[in-house]
Amino acid sequence: MTHKTNTSRSDTPWDRVENLPPTQQFIRDKHKMHYQQGHSTLLESGEKLLINSYIPKSCPFCNGEKFVKIGLDEFFCFQST
């Protein structure tokens, strides 16, 4: 079995071909559409806004109330320093 490197699973054999027959065009477009539905970015799906809107009442590590949420799962706690 050979493994292809640097290829995307969303690619079809017809991605860089112009003047495709209708059948190949249909298959390419449906394949891309289904791929995008399953692989949308967090921003496109709205999931990023949902995740970032949650603000815990206390630090998840020490239960202190003096902390800052830095990232998705990152906190800086003033009580532990």
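Data block above holds the structure.
Model, not experiment: these values are computed from the prediction. (Residues numbered from 1 in each chain as written. Predicted model: local features only at pLDDT ≥ 70, side-chain atom pairs only at ≥ 80, totals over all residues. Heavy atoms only, no water.)

### Brief notes about the overall build of the chain
- Along its length, the chain carries three helices and two strands.
- Helices (α) and strands (β) of the chain occur, in sequence order from the N terminus, as α-α-α-β-β.
- By the burial criterion, 14% of the 81 residues in the chain qualify as buried.
- Pairs at least 24 apart in sequence give 6% of the contacts found in the chain among residues at least 6 apart. (Helix = DSSP H or I, 4+ residues; strand = E, 2+ residues; numbered from the N terminus. Buried < 20%, exposed > 50% of the residue type's maximum accessible area, 1.4 Å probe, protein only. Contact = heavy atoms within 4.5 Å.)

### Considering the side chain of Arg28
- With respect to the helices and strands, Arg28 occurs in helix H1 (residues 22–38).
- One polar contact links Arg28 to Asp29, side chain to side chain, over a distance of 3.2 Å.
- Leave out the neighbours within four places in its chain, and Arg28 touches Thr12, Trp14, Asp15, Val17 and Leu20. (Polar contact = N/O pair within 3.5 Å; in protein donor to acceptor, adjacent residues only side chain to side chain.)

### Description of unusual backbone geometry
- Of note, the phi angle at Asn19 is positive, near 55 degrees, even though the residue is not glycine.
- The exposed category is assigned to Asn19, whose relative accessible area is 77%.

### A short note on the pattern of salt bridges
- Under the counting rule described, the total for this entry stands at one salt bridge.
- Residues Arg28 and Asp29 are paired through a salt bridge, measuring 3.2 Å at the closest nitrogen-oxygen approach.
- Given the relative accessible area of 17%, Arg28 is considered buried. (Salt bridge = Lys/Arg side-chain N within 4 Å of Asp/Glu carboxyl O.)

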